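Descriptive structure summary
Given next are the chains, with one letter for each unit.
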Amino acid sequence: LSKFRLSAFVVSTAAAGFVLGSPTSMDAGKLAATCAGTMLCSASANALNQVVERAPDGTMRRTAGRPLPSGRCGAGVAMAFAGACAVSGVGVLAIATNETTTALGAGNIALYAGAYTALKRVHFLNTWVGAVVGAIPPLMGWAAANELGTLDPGAFVLASALYLWQMPHFMALAYMGKDDYVNGGYRMLSHPMFDKTGRRVAGVAVRNSLALLPLGVLACAMGVTTSPFAYETLALGAPLVAAAAAFYAAPSFPAARRMFFGSLLYLPAFQALACLHRVPRDHTVDAYESLRQASANFPWHCVPFAAAYDWSPERERLKQFRSRALGPALSETSVAPFPFLPLPIPSCPHDRAYAQGGESRAS
């Protein structure tokens, strides 16, 4: 009834949001409570979804074995389970976190079990509503990580990744199970009424796969992660774009399956790398400084590969050492994150102010 594996995946996204939104020292107790509350809210939404869809689920091979259509569980028991999970999940979030996290958890139950579930049999835009549902748990984690429950712009990097990632992931699933969805009466984009060839479904996957590529750069620009994450996400996203492009070039079940499994690998890696390269939220980050112009010999200009650790006494001492060792001309560039990607970034006139404790910066 809880769709345990799906709910566990949802919890992982909330946990990643908590880690990214935390200061240097994370509150393990609050993280555990956030995960528990998110798990219960997800279980409630999934159970309510199955109560509403028990009849169409029985007509689909993929879902016929679920508790309600198979007769292993009655609707009354499922409703009681959903209610208990909703009350306990929202209660845990209310006690252990803050109003923002609690409101997002309760709202997501309503959005999934209400708007998304109802829209599935009406219009293919249900997929886009479902993507919003999937993007909310990382916001819950981020909000829970701070006492005030604030969501600054950096919170939406991981949420955007979840929203965009769901399109290649679900479009592959919708194409592979299109006959099942037709039998169940669901209006997915893969329905022959909307897409007879599969190219429309594949086109959505390609666009969203491409949109994932710059998220690493955006994370660096907003001071959410350090510089290597920008390169790693480009390398991580390239195979997913290639799989989506292959699916678009020749829509087929094998091509959709490759894209589906590629998407399953992408998101856990994205989350793990983001947490590995995170910038604690108690560090001062200036977005303008993160958007410094890259070297003239690099084909992109104004690419944000700077990170919060650029503004530190250690960097100031390194600049002075290099100035003595290399001379003023060479010392005006900084070392790229990787030796095979020579991206010298011009030094910034405000670095010294940051290194000296955040003094007023010149305009």
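Residues numbered from 1 in each chain as written. Predicted model: local features only at pLDDT ≥ 70, side-chain atom pairs only at ≥ 80, totals over all residues. Heavy atoms only, no water.

1. Considerations on the UniProt feature "transmembrane region" (unreviewed entry) in the protein
As recorded in UniProt, the sites labelled "transmembrane region" (unreviewed entry) are residues 73–96, 126–144, 156–177, 198–224 and 230–250. Summarising residues 73–96: 92% helix, 0% strand, and an end-to-end C-alpha distance of 32 Å. Spanning residues 126–144, this segment combines 100% helix with 0% strand, and its end C-alpha atoms are found 28 Å apart. (UniProt positions renumbered as here; feature names shortened; annotations may be inferred. Helix = DSSP H or I, 4+ residues; strand = E, 2+ residues; numbered from the N terminus.)

2. Observations concerning the confidence of the model for the protein
A residue-level look at the protein finds 78% of positions with pLDDT of 70 or above and a mean pLDDT of 82. Segment residues 284–315: pLDDT under 50, and 84 contacts once partners within four positions in sequence are set aside and those in other chains are kept. Counting contacts from residues 329–363, a segment whose pLDDT is below 50, to residues more than four positions away or on other chains yields 66 contacts. (pLDDT = per-residue confidence, 0-100. Contact = heavy atoms within 4.5 Å.)

3. Quick word on the UniProt feature "signal peptide" (unreviewed entry) in the protein
When the UniProt feature table is mapped onto this chain numbering, "signal peptide" (unreviewed entry) sits at residues 1–21. Each end of residues 1–21 is marked by a C-alpha atom, and these two atoms are 31 Å apart; helix forms 81% of the span and strand 0%.

4. Concerning empty space enclosed by the protein
On inspection of all chains with the given rule, the structure shows 1 cavity of 30 Å³ or more. What the largest cavity holds in volume is close to 30 Å³. Lining the largest cavity we find Gly 17, Leu 20, Pro 138, Trp 142, Gly 154, Ala 155, Val 157, Leu 158 and Val 224. Those elements that place two or more of their residues in the lining of the largest cavity are helix H1 (4–20), helix H6 (126–144) and helix H7 (155–176). The residue makeup of the lining of the largest cavity, split by class, is 7 nonpolar, 2 polar and no charged. (1 Å grid on protein atoms, 1.4 Å probe; cavity = no way out; pocket = protein on both sides within 12 Å on 5 of 7 lines; lining within 4 Å. Points joined across faces, edges and corners; volume = space filled by probe spheres on them. Nonpolar A, V, L, I, M, F, W, Y, C, P; charged D, E, K, R; others polar.)

5. Examining unusual backbone geometry
If you check the backbone angles, Lys 3 has positive phi at about 50° while not being a glycine. With respect to the helices and strands, Lys 3 occurs in the segment before H1.

6. Here we look at the packing of H6 against H7
One way to put it is that H6 packs onto H7 with a least axis distance of 8 Å and a crossing angle of 145°. As H6 packs across H7, the resulting crossing turns out to be right-handed. Taken together, the residues of H7 that come into contact with H6 (itself represented by Thr 127, Trp 128, Gly 130, Ala 131, Val 132, Gly 134, Ala 135, Pro 138, Leu 139 and Trp 142) are Ala 155, Phe 156, Leu 158, Ala 159, Leu 162, Tyr 163, Gln 166, Met 167, Phe 170 and Met 171. Looking at the contact of H6 with H7 residue by residue, the class counts come to 16 nonpolar, 4 polar and no charged. (Axes fitted to C-alpha atoms, helices over the stretch in contact; angles between N-to-C directions. Left-handed = near helix turned anticlockwise from the far one by under 90°.)

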